[in-house]
Amino acid sequence: MRVIGLTGSIACGKSHVSSALAALGARVIDGDLLSRALTAPGGAALPALREAFGEGVFHPDGTLNRGALGRVVFSDAASLARLDGIMQPLIRRMTVEGIEAARAAGWTVCVLDMPLLYEKGLDALCDRVWCVWLPRETQLERLMARDGLSRPDAEKRVASQLSADEKARRADVVIDTRGTPEETEALLPPLWAEELRLAEASLA
């Protein structure tokens, strides 16, 4: 089975590309969904998050207050590192389990949709990496519009990851998402067909 890493900096359109690949027939392992599962009520990460960050990042009903946690970790590098230390080992374990399950189920290609693919070394699990890319100013504009952030808050979030340019430099395939969603989607079928061809060739 061929494993494709799909990454990109925040607000560059990775989720849209991931959904389009799923529509083309890809088996997608979504890092954001894994993170949500770990922090949902009863999630495996909650006890460690409560110990590390206190009750201030939880709602009165005991559910995680994602907004409060975000404000803490994106304003302090040590807090962000603490969060990553809790979440990333769990996400990596679930990712490896997902890859093995996809292989056992007979999938030809599996896509790892991971925003921190390079930052956390998950590219080592991949045969090839695709990166969605935007110029920094466009990225900031989309992030502010999407999440209702001020420019300083948007810049903090962009700065918490590798730059879009650096991710694109490391990737095997770069997808420029400056166009409309439809224009981005039109780029994908030939790229996906090539991955299927390479996967089938490896089985020959």
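Residues numbered from 1 in each chain as written. Predicted model: local features only at pLDDT ≥ 70, side-chain atom pairs only at ≥ 80, totals over all residues. Heavy atoms only, no water.

Undergrad: Any chance you could break down the sheet that holds strand 2 (residues 27–30) for me, citing the residues and the numbers?
TA: Taken together, 5 strands build an open sheet; the order of strands is 2-3-1-4-5 and the sheet is parallel. Strands at the two margins of the open sheet, each flanked by one partner only, are strand 2 and strand 5 (173–176). Between one strand axis and the next, the sheet turns by 20 degrees as a mean value, whatever way the strands run. Relative to strand 2, helix 5 (residues 77–104) is tilted by about 170 degrees, and along the sheet it contacts strand 1 (2–7), strand 2 and strand 3 (109–113). (Pairing = 2+ DSSP bridges. Helix = DSSP H or I, 4+ residues; strand = E, 2+ residues; numbered from the N terminus. Axes fitted to C-alpha atoms, helices over the stretch in contact; angles between N-to-C directions. Contact = heavy atoms within 4.5 Å.)

Undergrad: Give me the lowdown on helix 2 (residues 31–39), citing residues and values where you can.
TA: Three or more residues of helix 2 are buried, namely Gly31, Leu34, Leu38 and Thr39. For helix 2, the arc enclosing every buried residue in end-on projection is 125 degrees, short of the 170-degree limit, so these residues lie on one face. Elements in contact with the buried residues of helix 2: strand 2, helix 3 (46–53), helix 4 (66–73), helix 5 and strand 3. Two to three positions downstream of the cap, the backbone nitrogen of Asp32 sits 2.8 Å from a side-chain oxygen, assigning the N-cap of helix 2 to Asp30. (Buried < 20%, exposed > 50% of the residue type's maximum accessible area, 1.4 Å probe, protein only. Arc of directions from axis to C-beta. Polar contact = N/O pair within 3.5 Å; in protein donor to acceptor, adjacent residues only side chain to side chain.)

Undergrad: If you had to explain the side chain of Asp84 to someone new, which residues and values would you point to?
TA: Mapped onto the secondary structure, Asp84 falls in helix 5. Its relative accessible area of 17% is what places Asp84 among the buried residues. Ignoring anything within four residues of it in the chain, the contact list for Asp84 reads Pro89, Leu116 and Lys120.

Undergrad: Any details on the packing of helix 4 against helix 5? Residues and values, ideally.
TA: For any two helices packed against each other, one specifies the inter-axial angle together with the distance between the axes. Viewed as axis vectors pointing N to C, helix 4 and helix 5 meet at an angle of 125 degrees, and their least axial separation amounts to 7 Å. One element, helix 4, and the other, helix 5, form an angle in the oblique class. Between helix 4 and helix 5, the residues in contact are Leu69, Val72 and Val73 and Ser79, Leu80 and Leu83, respectively. For the contact of helix 4 with helix 5, the per-class residue count stands at 5 nonpolar, 1 polar and no charged. (Parallel < 35°, antiparallel > 145°, perpendicular 65-115°, else oblique. Nonpolar A, V, L, I, M, F, W, Y, C, P; charged D, E, K, R; others polar.)

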